[in-house]
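What follows is each chain in one-letter form.
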Amino acid sequence: TALAMAPPLGRVYATADARAYVFVPKDRRQILVFSRTDGGVRAAPTAELDSLVGPSNSRTKSCAVHAFVGIITYPDDRSLVIVSDSEPRTSLYNEGVGSVRVITKAGFLPFKSSSTSFVSDGAAVSAGAKMRSQLKDFLEGGDFFFGEEGWPLTLTLQRAASLRAAGADPLAWDLQDRRFVWNRAALSSLEAAGVGAWLTPIMQGAVLCEQVSTTANGVIAVGIVARRSCDHAGTRFKARGVNDDGACANFVEIEQILYSEHGGRRCTCSLVQTRGSAPLFWEQRGKQVNPKPRLNRSMQLALPALRRHLDKHLQQYGPTLILSLLEQRGDETDLAQALKTALATVLRDAAQTKPLALRFVAFDLHAHTKSTSRIEAIRAVLGQLAPHLAAHGFTLLSNVGAIAPEEQRGVVRTNCLDCLNRTNMVQAAIGLRVAGEQLKALHVAGVSPVDLRSIEAGGGTGVEKALQEALQRLWSETGNVVSVQYTGTANLSRGSGIAEGSGRKGIVERSMGFVEKSVKIANRYMQEQFLEDARQSATESLLGIDRRLPRSRSAASSSSVHDAEALDGSIRIFAGTWNVNGKPASEADLAAWLDCTSAGEAPEVVALGFQEFVDLNAQNLLREDAGKRRECQVRVESALKRIYGESFVLVMSEQLVGLLLLVLVRPSAASAVTHVFADSVKTGFGGAAGNKGAVAAR
């Protein structure tokens, strides 16, 4: 069944008694009935239409539907969310230049359920109205897309071609890449009613296209499709690192497509790259413009989630090169070193059973740029990647029988801290490099409307220059779109970051660039401090996540409960609190306090709270002393090992001035620890200072 038709998809009618909505698709094969009393959804034969909404000449309450977002629940009501208007956006796929639709207007049809599960007090109504307004702004931001008939937007060209070759329909709902279907939870009730035109995958990302050359004989065009994952989705400081299901924040699959047509002969080349947050558990907190990254789960507890992420990535993309652009010195050092160590551990462990098709390259782009120039740094990283890019290749599809299709055999997964500026710069450089090889492939295949022989000979052509310029613009726009989605502002660096770094800038140009970048930084800071909560709320509303509930997940999460081990029987917990009066507790004192061997075996969980951990003075109020916290952790771990002969695993440590909370588990219980969350709340001086407050862990 095709997932979408050319808009409008159909019309939705309200029954005269206000007890239901009825959707009538253009093909009129069957209708969909939404009960406004119990929230039920059912497919029905078209013959029921007149009995539900009356004859065609008396139906007044209706509106056009371009796509369904789905059913979304709010504190005061449910809403049937529809796309009431959309615009075409030119894109490329295996058949050539086509179009997708971008959402321009979303409509919210209330259920106004009388169910007791919905309260009608003023606070709930106000909260519901606010959430609907936030989601409306979110959906109408110009970066949500759905495909027209024949266009499986969530699939790469290679995946779609592989499905066709296997006799499957890439438009089938159950074959869509659910990582990129942002309304999969909202559509769950519609899906339960049956597969039909109402199941429209909606994707957040970017869809861009430019014509490079047009002649009487044909066309050469280039495009980019960026697909942003809805697993572990969120804004910059709300979603970092990896989650327990192995999904990474700000994960984006980017497909660069080159299309050529000449005399009815078509050829399409594509290159897929991915980007995503460093796949460990880490966070950034504080009111600074760019707080220092902080690891919030120990290596032993982070490895299972890292393995899940890598296993999924290898399954989806094949051999993978992980390129980390994190700084090797400075604030990013701890995260960069932890990632290197964790990946080395995973590769070493896998080598004993089944080696992974995984390679890791760490390249400090900032350091190389400072010591040479941006363009030299790009050349250096491309030099390291060259053999891997050659081995990975790219996808080539053609309607010419003599041209054998080619498949991409691996991908580069890139990350920096935010997976924005540095990542976009390097991915653009990779795309430009591979585009040259793709142009040569078009010439060899004889599917180019212009003469490309000079490229084969190692020279340049006007088409090659036009292609490079078009790609630089497309990558620049892609970087800006992804940055706005994650941070609320465009990339800090202008353009793709390649051409503008090719030479030394004059003092005036540097000054203007500094001012422009400073304005963007200030704007980003304001977005994060005052507007990030609204964007996060809209994201969670669309994905069906209720953050009021512990371990809340999307109703249509891409994976079920993972393979963490459950602890059978009773769990022994040691919980203790100690006011140390600003003095460090010795290992001997800690051992005497923690020793409960007389009660039996070692506890599975040790939760320790310290008060007056540091002196309450102005210096400690303004600056957290991480060194003392780490020293205490080491002494606690050493004391536990002395008592029980086991190296307990640190789950989390949370400090607020003189309050310190430590939670540790036995090694045998480590695999059962998931979905860890910790936070602190300042209540001193109106919430500005931590001389009073609380720390907590879940």
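Quick note: structure is the one above.
The structure presented is a predicted model; accordingly, all values stated were derived computationally and were not measured.

K.L.:
Give a detailed account of the overall build of the protein, specifying residues and quantitative values.
P.N.:
When its secondary structure is counted, the protein shows 15 helices and 25 strands. Counting only residues that meet the buried cut, the protein has 52% of its 698 residues in that class. Sequence-distant contacts, at least 24 apart, represent 68% of the contacts inside the protein between residues at least 6 apart. As displayed, the protein offers around 30,200 Å² of accessible surface, 52% of which is attributable to carbon and sulfur atoms.

K.L.:
Explain helix α5 (residues 299-317) residue by residue, including any values.
P.N.:
Look at α5: 26 Å from first C-alpha to last across 19 residues, which is about the 27 Å you get at 1.5 Å a residue. Here α5 has its buried residues at L301, A302, L303, A305, L306, R308, H309, L310, H313, L314 and Y317.

K.L.:
Outline the packing of aromatic side chains, supporting the account with residue identities and numerical values.
P.N.:
In total, this model carries eleven aromatic pairs according to the counting rule given. Judged by centre distance (5.2 Å) and plane angle (70°), the rings of W578 and W593 are edge-to-face. Taken together, the residues span a long stretch of sequence, with W578 in strand β20 (residues 573-579) and W593 in helix α13 (residues 587-594) at a distance of 15 residues. A residue is classified by how much of its surface remains accessible, and W578, at 24% relative accessible area, is partly exposed. Members of the aromatic cluster, joined through ring pairs, are F574, W578, W593, F610 and F613. We note R159 situated over the ring of Y317; from NZ or CZ to the ring centre the distance is 5.0 Å.

K.L.:
Pulling in residues and values, what's your account of the pairing of strand β3 (residues 30-35)?
P.N.:
As a general feature of sheets, a regular strand has side chains that alternate between the two faces. Counting buried positions over the six residues of β3 gives five, a clear majority of the element. One ladder, built from four bridges, connects strand β2 (residues 20-25) with β3; its direction is antiparallel. From the neighbouring strand, V22 faces β3, where its bridge partner is V33. Between β2 and the antiparallel strand that follows it, β3, lie four residues; R28 among them carries a positive phi value of about 55°.

K.L.:
Any chance you could break down the environment of H392 for me, citing the residues and the numbers?
P.N.:
One can find H392 in helix α8 (residues 374-392). Spatially, the C-alpha atoms of H392 and V411 are 6.5 Å apart, while their sequence positions differ by 19 residues. Ignoring sequence-local partners within four residues, the contact set of H392 consists of P319, L321, E407, Q408, R409, G410, V411 and V412.

K.L.:
A description of helix α3 (residues 157-165) should follow, citing residues and the corresponding values.
P.N.:
Among the residues making up α3, those that are buried are L157, Q158, A160 and L163. Contact partners of the buried residues in α3: β7 (78-93), β12 (252-262), β13 (265-275) and β18 (395-398). Looking at the residues trailing α3, positive phi occurs at G167, about 85°.

K.L.:
Residues and numbers for the sheet that holds strand β22 (residues 649-656), please.
P.N.:
Spatially, four strands are ordered β20-β21-β23-β22 in an open sheet, and the strand pairing comes out mixed. With one partner strand each, in any of the chains shown, β20 and β22 form the two edges of the open sheet. Each adjacent strand pair in this sheet contributes to an overall mean axis angle of 10°, direction not counted. For β22 and strand β23 (residues 659-665), the ladder comprises seven bridges, and the chain directions are antiparallel. In the strand pairing of β23, L656 is matched with L659. Sitting on the sheet, α13 touches β20 and β21 (605-611), and the angle it makes with β20 is about 135°.

K.L.:
Give me the lowdown on the packing of α13 against helix α15 (residues 626-644), citing residues and values where you can.
P.N.:
The contact between α13 and α15 brings their axes to 9 Å, and the two run at 55°. By the angle class used here, α13 and α15 are oblique. Considering how the two elements wind past one another, α13 and α15 form a crossing that is right-handed. Counted together, E587, A588, L590, A591 and L594 of α13 and R635, V636, S638, A639, L640, R642, I643 and Y644 of α15 form the full contact between these two elements.

K.L.:
Can you lay out the pairing of β2 for me, pointing to particular residues and giving the numbers?
P.N.:
The buried count for β2 comes to six of six residues, which makes it a mostly enclosed element. By the bridge criterion, five bridges tie strand β1 (residues 10-14) to β2 in an arrangement that is antiparallel. Residue pairing in the sheet places G10 in a bridge with P25 of β2. Two successive antiparallel strands, β1 and β2, enclose a turn made up of five residues, where A18 displays a positive phi of approximately 60°.

K.L.:
Lay out the sheet that holds β3 in plain terms, naming residues and giving numbers.
P.N.:
Taken together, the five strands give an open sheet; going across it, the order is β4-β3-β2-β1-β5, and neighbouring strands pair in antiparallel fashion. For this open sheet the edge positions go to β4 (41-45) and β5 (62-65), each flanked by a neighbour on one side alone. For this sheet, the mean angle separating the axes of adjacent strands, direction not counted, is 25°.

K.L.:
Got a sec to walk through the pattern of salt bridges? Specific residues and values, please.
P.N.:
For the coordinates displayed, the defined rule picks out 27 salt bridges. Here R642 makes a salt bridge to E587, at a shortest N to O gap of 3.0 Å. Taken together, the residues span a long stretch of sequence, with R642 in helix α15 and E587 in helix α13 at a distance of 55 residues. Looking at E587, the relative accessible area reads 24%, which means it is partly exposed.

K.L.:
Got a sec to walk through the nonpolar core? Specific residues and values, please.
P.N.:
Counting residues in each nonpolar core, the largest one holds 54 residues, and the members touching the most others are V222, L258, L323, L365, V426, I430 and L467. In terms of residue count, helix α9 (residues 421-445) provides more of this core than any other element does, eleven residues in total. Apart from residues no more than four positions distant in its own chain, V222 is found in contact with L92, L208, C209, E210, V212, I257, L258, L467, A470, L471 and L474.

K.L.:
A description of unusual backbone geometry should follow, citing residues and the corresponding values.
P.N.:
The backbone of A18 sits at a positive phi, close to 60°, despite the residue not being glycine. By the secondary structure assignment, A18 is in the loop between β1 and β2. Despite not being glycine, F685 has its phi angle at roughly 50°, a positive value. If you trace the backbone, F685 turns up in the loop between β24 (678-684) and β25 (689-697).

Cut-offs used in this document
- Residues numbered from 1 in each chain as written.
- Predicted model: local features only at pLDDT ≥ 70, side-chain atom pairs only at ≥ 80, totals over all residues.
- Heavy atoms only, no water.
- Helix = DSSP H or I, 4+ residues; strand = E, 2+ residues; numbered from the N terminus.
- Buried < 20%, exposed > 50% of the residue type's maximum accessible area, 1.4 Å probe, protein only.
- Contact = heavy atoms within 4.5 Å.
- Areas by Shrake-Rupley, 256 points an atom, 1.4 Å probe, with all protein chains shown as cover.
- Expected span 1.5 Å × (residues − 1).
- Phe/Tyr/Trp six-rings, centres within 6.5 Å; stacked < 30°, edge-to-face > 60°.
- Lys NZ or Arg CZ within 6 Å of the ring centre and 35° of its normal.
- Pairing = 2+ DSSP bridges.
- Axes fitted to C-alpha atoms, helices over the stretch in contact; angles between N-to-C directions.
- Parallel < 35°, antiparallel > 145°, perpendicular 65-115°, else oblique.
- Left-handed = near helix turned anticlockwise from the far one by under 90°.
- Salt bridge = Lys/Arg side-chain N within 4 Å of Asp/Glu carboxyl O.
- Core = buried A, V, L, I, M, F, W, Y, C linked by side-chain atoms within 4.5 Å.

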